[in-house]
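Read off the chains here:
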Amino acid sequence: MLLKPNPSSTTLYSSPQEIESHVVRFIMAEKNIERDIFNIQIDEMPEDILELNPCQSLPTLFDRGIVLYDLSVIMEYLDERFPFPPLLPVDPIEKSEKRLMIFRFTRSAGCWFELVNTIETGSKKAAEEARKILKSNLIELVPLFAYKPFFKSEDMTIVDACLAALLWRMKKLDINLGAPGKAVTDYGKRLFVRDSFKESLTDCEKEYN
């Protein structure tokens, strides 16, 4: 397989099973970006691309000669580089609110993505504790999931891309929200039926749900 980036399109080096790569694939599909996606392991990435990513992590995005490797940076870059459909509001206050949500869910200490990682890779005790915390956090925010068609929004945003990738993994993570979490489950289903979400799934991710 030729893994070198195509100068005429945007290239994503993506993990076939990790949540952050799934988020980026969903965003790229939602925006219908002309793209090359290589679902690989980190040691399969071209050396010259890897050298430009000091974190040596996936996902890694190559576009216009630059290499991006932080999830938030990649998401915002894609939204600005490919502005339709917009996945962040124009209003600076609303945009800042969405950025804080992204930080809370994906980057803060004890964030949801970190809990997912603990469930998948931690000890049995740590995984069980993380599972309880994540389930409690999701149910705690049920009113926000039920408030509008998307998460605190009438239109899809990058927040929804992050949440969709997480909620798709609920069965794999052995988390059942039950009746108290019905609004969360219904919200997830609204995202899962989107053609862009279906397109974003790798073969192994299709087996998660």
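Structural notes, computed from the coordinates.

Conventions used here
Residues numbered from 1 in each chain as written. Predicted model: local features only at pLDDT ≥ 70, side-chain atom pairs only at ≥ 80, totals over all residues. Heavy atoms only, no water. Helix = DSSP H or I, 4+ residues; strand = E, 2+ residues; numbered from the N terminus. Rg over C-alpha atoms; globule rule 2.2 N^0.38 Å. Buried < 20%, exposed > 50% of the residue type's maximum accessible area, 1.4 Å probe, protein only. Contact = heavy atoms within 4.5 Å. Lys, Arg positive; Asp, Glu negative; His and termini not counted. Charge placed at Lys NZ, Arg CZ, Asp CG, Glu CD. Core = buried A, V, L, I, M, F, W, Y, C linked by side-chain atoms within 4.5 Å. Polar contact = N/O pair within 3.5 Å; in protein donor to acceptor, adjacent residues only side chain to side chain. Salt bridge = Lys/Arg side-chain N within 4 Å of Asp/Glu carboxyl O.

## Structural notes on the overall build of the protein chain
Along the protein chain, the regular secondary structure elements total 10 helices and 4 strands. Reading the helices (α) and strands (β) of the protein chain from amino to carboxyl end gives β-α-β-α-β-β-α-α-α-α-α-α-α-α. For the protein chain, whose C-alpha radius of gyration is 17 Å, the value lies close to the compact-globule estimate of 17 Å for 209 residues. Projected onto its principal axes, the C-alpha coordinates of the protein chain cover approximately 50 × 40 × 30 Å. A total of 209 residues make up the protein chain; the buried ones form 50% of that total. Contacts in the protein chain between residues far apart in sequence, at least 24 positions, make up 68% of those at least 6 positions apart. Of the side-chain charges in the protein chain, 27 are positive and 33 negative, and the distance between the mean point of each set is 6 Å.

## Let's talk about the nonpolar core
Of all hydrophobic cores here, the largest spans 58 residues; its most connected members are Leu-78, Trp-112, Leu-134, Leu-138, Phe-145 and Leu-166. Listing elements by their share of this core, those giving two or more residues are helix H1 (19-30), helix H3 (71-81), helix H4 (92-106), helix H5 (112-121), helix H6 (124-140), helix H7 (142-147), helix H8 (158-167) and helix H9 (182-192). With 9 residues, H8 is the largest single contributor of residues to this core. Those residues in contact with Leu-138 that sit more than four places away from it in its chain are Trp-112, Phe-145, Leu-166, Leu-167, Met-170, Leu-177 and Val-184.

## What about the side chain of Asp-63?
By the element assignment, Asp-63 lies in strand S3 (residues 60-63). Polar side-chain contacts of Asp-63 include one of 2.7 Å to the side chain of Arg-81. Ignoring any residue separated from it by four or fewer positions in sequence, one finds Asp-63 in contact with Ser-9, Thr-10, Tyr-77 and Arg-81.

## Some words on the pattern of salt bridges
By the definition in use, this model includes 15 salt bridges. Of the charged contacts, one joins Glu-199 and Arg-35 as a salt bridge, the two residues approaching to 2.4 Å between their closest N and O atoms. Placement of the pair is Glu-199 in helix H10 (residues 195-200) and Arg-35 in strand S2 (residues 35-39), with a sequence separation of 164 residues. Judged by its relative accessible area of 22%, Arg-35 falls in the partly exposed class. When the shortest N-O distance is used, the salt bridge between Arg-81 and Asp-63 registers 2.7 Å. Residue Arg-81 is located in helix H3, and its partner Asp-63 is located in strand S3; the two are separated by 18 residues in the primary sequence. A residue is classified by how much of its surface remains accessible, and Arg-81, at 25% relative accessible area, is partly exposed. One connected set of salt bridges, linked through shared partners, spans Glu-20, Asp-70 and Arg-107.

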